Amino acid sequence: MAVKKEKYPMPEQDPKKRIKNFDEVPYGYDEQTAIEEAKRCLQCKNKPCINGCPVEIDIPDFIKHIAEGDFDKAIDVLKSKTSLPAVCGRVCPYENQCEGECTLLKIGDPVGIGRLERFLADYERKKGVKIPKIAKSTGKKVAVVGAGPAGLTCAGDLAKMGHKVTIYEALHEPGGVLMYGIPEFRLPKEIVKAEVDYISKLGVDINYDVVVGKTISVDDLIKDVDAIFIGTGAGLPRWLRIPGENLDGVYSANEFLTRVNMMKAYLFPDYDTPVKIGKVVATFGAGNVAMDCARTALRLGAEKSYIIYRRSDKEMPARAEEIHHANEEGVIFKLLTNPTRFIGDDKGILKEVECIKMELGEPDDSGRRRPVPVKGSEFKIKIDTALVAIGQSPNPLIPQSVKDLKIGKWGNIETDEDGRTNIPYIFAGGDIATGAATVILAMGAGKKAARAIDEYLKLKK
Amino acid sequence: MVVKAPLVAKKAQAGQFIILRIDEQGERIPLTIADYNGKKGTVTIIFMEVGKTTKQLGTLNVGDKILNFVGPLGVPSEIEKYGTVVCIGGGVGIAPLYPVIRALKQAGNNVISILGARNEKLLMLEKEIEEYSDEFHICTDDGSKGTKGFVSNVLQNLIDDGKKIDVVWAIGPVIMMKVVADLTRKYDIKTIVSLNPIMVDGTGMCGGCRVSVGNETKFACVDGPEFDGHLVDFDNLMLRNRRFICEEDEACKCAGVEI
Ligand SMILES: Cc1cc2nc3c(=O)[nH]c(=O)nc-3n(C[C@H](O)[C@H](O)[C@H](O)COP(=O)(O)OP(=O)(O)OC[C@H]3O[C@@H](n4cnc5c(N)ncnc54)[C@H](O)[C@@H]3O)c2cc1C
Ligand code: FES
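Computed from a predicted structure; not experimentally measured.

Trainee: Please give an account of the interface of chain B and chain A that cites residues and values.
Mentor: Contacts between the two partners involve 42 residues from chain B, matched on the other side by 43 residues from chain A. When the two sides are added together, the surface that chain B and chain A hide from each other amounts to roughly 3,700 Å², 55% of it contributed by carbon and sulfur. On the chain B side of the interface with chain A, the three residues burying the most area are Met205(B), Arg210(B) and Arg243(B), jointly 18% of the side's total. With its nearest N and O atoms 3.0 Å apart, the salt bridge here joins Glu255(A) to Arg243(B). For the pair chain B and chain A, the interface holds 17 residue pairs in polar contact (both at pLDDT 80 or more). The biggest single contributor to the side of chain B that touches chain A is strand β5 (residues 68–73) of chain B, with six residues. The residue inventory of the side of chain B that touches chain A, partitioned by class, reads 16 nonpolar, 13 polar and 13 charged.

What follows is the structure, given as structure tokens:
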């Protein structure tokens, strides 16, 4: 029987309806569709998809179990490598990872690996998550700083190994970017909470409202524990550095998304935190963060939502699905366009942005063609709100507060492959080590560091 | 208001602030630390009831809980022996100035304090501050206590009297800090101000608190809140602090609180 060339589609909310609510966009596969999609897998001997997975999930194996209808076995395979499948099944850039290596690409769509992962995680959550066996207590204590994907994963794995883990989180909620950055319609907060619950059930304590480096120092922490993992992420927003950036109406993507997601400004005035966006919103940048901003703006009632990006569509770093959804929802893409200044009225309120057209020149260090301005092509767009989503740098609080900790040239904490820093009892991973990257890489880093910490604790008698 | 927060109290220093959220629906707001006691594990905050959150805070009773209380945030004041320091507090700015005055006095400075407010009722901590001051002035806009006039008038008089002033510390409404900084600039007296922009996280993550200092963008929550008053763009700060004025009104109306 010939293999079906296309992925089984995932039912989705109608774009016209969904831009009026914050509910999740795709609904996920039902059992029958999941089994059919799993049957598309060729079960290649050499398993190329695994090479594309940063945490080396045995993809053909779990897909085989789905095809056989044995979802529980499939989950066991998945969970042996990832602790956040419901999250990764929604936000991983599959097309550059597992699905990008799929043999089926030669004839059509790759296997919907991401969709299958999501299906399994949702199936398991509905059924009630099994708590795995926890090793006998080792009597060792570890402090984890930051409750993002890196910290949560590291904490969960260490707890399973029998160590006592306490997480310290600066904000009042866990999840890091999963909570304050990625919007509800893409990653429902219930799902993040369920994943955090699971980690808590493994015996991990989470202390909120503790800014390590301020409320308590790393030196204080180490007096009570045997090792420390730092997963404080890449929280520092980057700016365009053009005139007018401090006008009323210009937000960093982080401020905008935090107000909306974590502080629930979309429910204002039932919730106290406000956000105001006016009628026309322009988002600068074209990564996942930018797509999240532009699509959130529509849901808050913007009549026009622009993505303004200095390169062309081929260089846009966002996941294919995000760009597709943004297009469907009516986001207007102004590509090869770069802002040059923000213009306000006499009260300092943002009114316009001046942009210049760009063209692609020679390749730069990143291998992408460098955008160069076209002389004399300046033009203005009337806007009420500007959202700057051109990237984040590692959060400087901890790197600055720990003496002698080796820091890289972007302010990141330097580590080896397994998260070891130059200080034996300090480990780090996720965005704080790599700069802004992905959930799966942060999770992978947390896992590797947990193993390295376990080794260190065994040696340290 | 005295809040039990042992971890915060243990680390708190003059010049720092906290962020609190009263309940699940609440907004995160920053308040400067007015006093702290590491042994008792308490932190004192003093606030003016100007918006929804501070009004609600005012309704709490002894024993009530605040859902989230995080700190101490920001860089502590740079306390050293400067010589003669004039400390100027306006309105609620008097509260956070108190620990600074105490620390400056304890560091061996000659401290001249000037407290100002619209009227007598809005003055606070007069006794406590006087105790740590070598010279003590009060003024009110309406003359209900002390001399009638602004803190800047008192400062001008000190300068005119030929007092040698090494540093000025000014905490209060933005307009007061601006006027003081403009005055001291003329005489080239180093001036430190404490800024109070709108904040969200307080960890340097959102940039909502950004201020322009010497034409550089700084985050008040991690780089400040104290800055060199001669470099601060106060006009931009005033403008950014007005960002959600209409929304604040709406929040108050919905909650049935008067402003
Ligand atoms: C809007 C947005 C959309 C994204 N979309 C995707 C996507 O679709 N797919 C994808 O793979 N990736 C996406 N990413 C990237 C991904 O979310 C990050 O790479 C990942 O979350 C990094 O995990 P982390 O654990 O290293 O850090 P974070 O998630 O940043 O977590 C760090 C945690 O540490 C806390 N912290 C910081 N400093 C301190 C301190 N001093 N003391 C205590 N706690 C502290 C923070 O409050 C935070 O909770 C997106 C990012 C954003 C912002
Ligand atoms: S309050 Fe968010 S960066 Fe300062």
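Trainee: If you had to explain the packing of aromatic side chains to someone new, which residues and values would you point to?
Mentor: Residue and element names in this part refer to chain A. A full pass over the atoms with the stated rule returns 11 aromatic pairs over all chains. Note on Phe427 and Tyr456: the rings are 5.8 Å apart at their centroids and 65 degrees apart in plane angle, and the pair reads as edge-to-face. Within this pair, whereas Phe427 is found in strand β16 (residues 426–428), its partner Tyr456 is found in helix α17 (residues 439–459), the two being separated by 29 residues in sequence. You can call Phe427 buried: its relative accessible area is 1%. Three or more aromatic residues joined by ring pairs make a cluster, and in this case those are Phe22, Phe185 and Tyr266. For the cation-ring pair, Lys4 lies above Tyr8, with the distance from its terminal atom to the ring centre recorded as 4.2 Å. The lysine or arginine in question, Arg299, covers the ring of Phe185, its NZ or CZ lying 3.8 Å from the ring centre.

Trainee: Which residues make up the pairing of β5(B), and what values go with them?
Mentor: Sheet faces and side chains relate simply in a regular strand, where the side chains alternate between the two faces. All names here are of chain B. The buried fraction of β5 is high, at six of six residues. Pairing of strand β2 (residues 17–21) with β5 involves four bridges; the strand directions are antiparallel. Along β5, the bridge assignment pairs Phe17 with Leu73.

Trainee: How would you summarise helix α12 (residues 253–262) of chain A if you had to cite specific residues and measurements?
Mentor: Residues and elements named next belong to chain A. The buried count for α12 comes to 10 of 10 residues, which makes it a mostly enclosed element. Looking at α12, one finds that the buried residues are Ala253, Asn254, Glu255, Phe256, Leu257, Thr258, Arg259, Val260, Asn261 and Met262. At the C-terminal side of α12, Lys264 shows a positive phi close to 60 degrees.

Trainee: Give me the environment of Lys201(A): which residues, what numbers.
Mentor: Residues and elements named next belong to chain A. Here Lys201 is to be found in helix α10 (residues 189–201). The exposed category is assigned to Lys201, whose relative accessible area is 58%. Separated by 84 residues in sequence, Lys201 and Glu117 have C-alpha atoms that sit 22 Å apart.

Trainee: How would you summarise the site of ligand 1 if you had to cite specific residues and measurements?
Mentor: All names here are of chain A. Around ligand 1, the surrounding shell holds 37 residues, and the nearest of these are Val91, Ala150, Glu169, Arg186 and Asp431. At 3.2 Å, a backbone N or O of Pro149 approaches an oxygen atom of ligand 1. One of the backbone N or O atoms of Asp431 is found 2.8 Å from an oxygen atom in ligand 1. For ligand 1, the protein covers 97% of the area, taking 1,000 Å² as the surface of the free molecule. Mapped by element, the contributors of at least two residues to the shell around ligand 1 are α8 (149–160), α13 (288–299) and α17. By residue class, the composition of the shell around ligand 1 is 20 nonpolar, 12 polar and five charged.

Rules used in this analysis
Residues numbered from 1 in each chain as written. Chains lettered and ligands numbered in written order. Predicted model: local features only at pLDDT ≥ 70, side-chain atom pairs only at ≥ 80, totals over all residues. Heavy atoms only, no water. Contact = heavy atoms within 4.5 Å. Buried area = accessible area lost by both parts, 1.4 Å probe. Salt bridge = Lys/Arg side-chain N within 4 Å of Asp/Glu carboxyl O. Polar contact = N/O pair within 3.5 Å; in protein donor to acceptor, adjacent residues only side chain to side chain. Helix = DSSP H or I, 4+ residues; strand = E, 2+ residues; numbered from the N terminus. Nonpolar A, V, L, I, M, F, W, Y, C, P; charged D, E, K, R; others polar. Phe/Tyr/Trp six-rings, centres within 6.5 Å; stacked < 30°, edge-to-face > 60°. Buried < 20%, exposed > 50% of the residue type's maximum accessible area, 1.4 Å probe, protein only. Lys NZ or Arg CZ within 6 Å of the ring centre and 35° of its normal. Pairing = 2+ DSSP bridges. Near = heavy atom within 4 Å. Areas by Shrake-Rupley, 256 points an atom, 1.4 Å probe, with all protein chains shown as cover.

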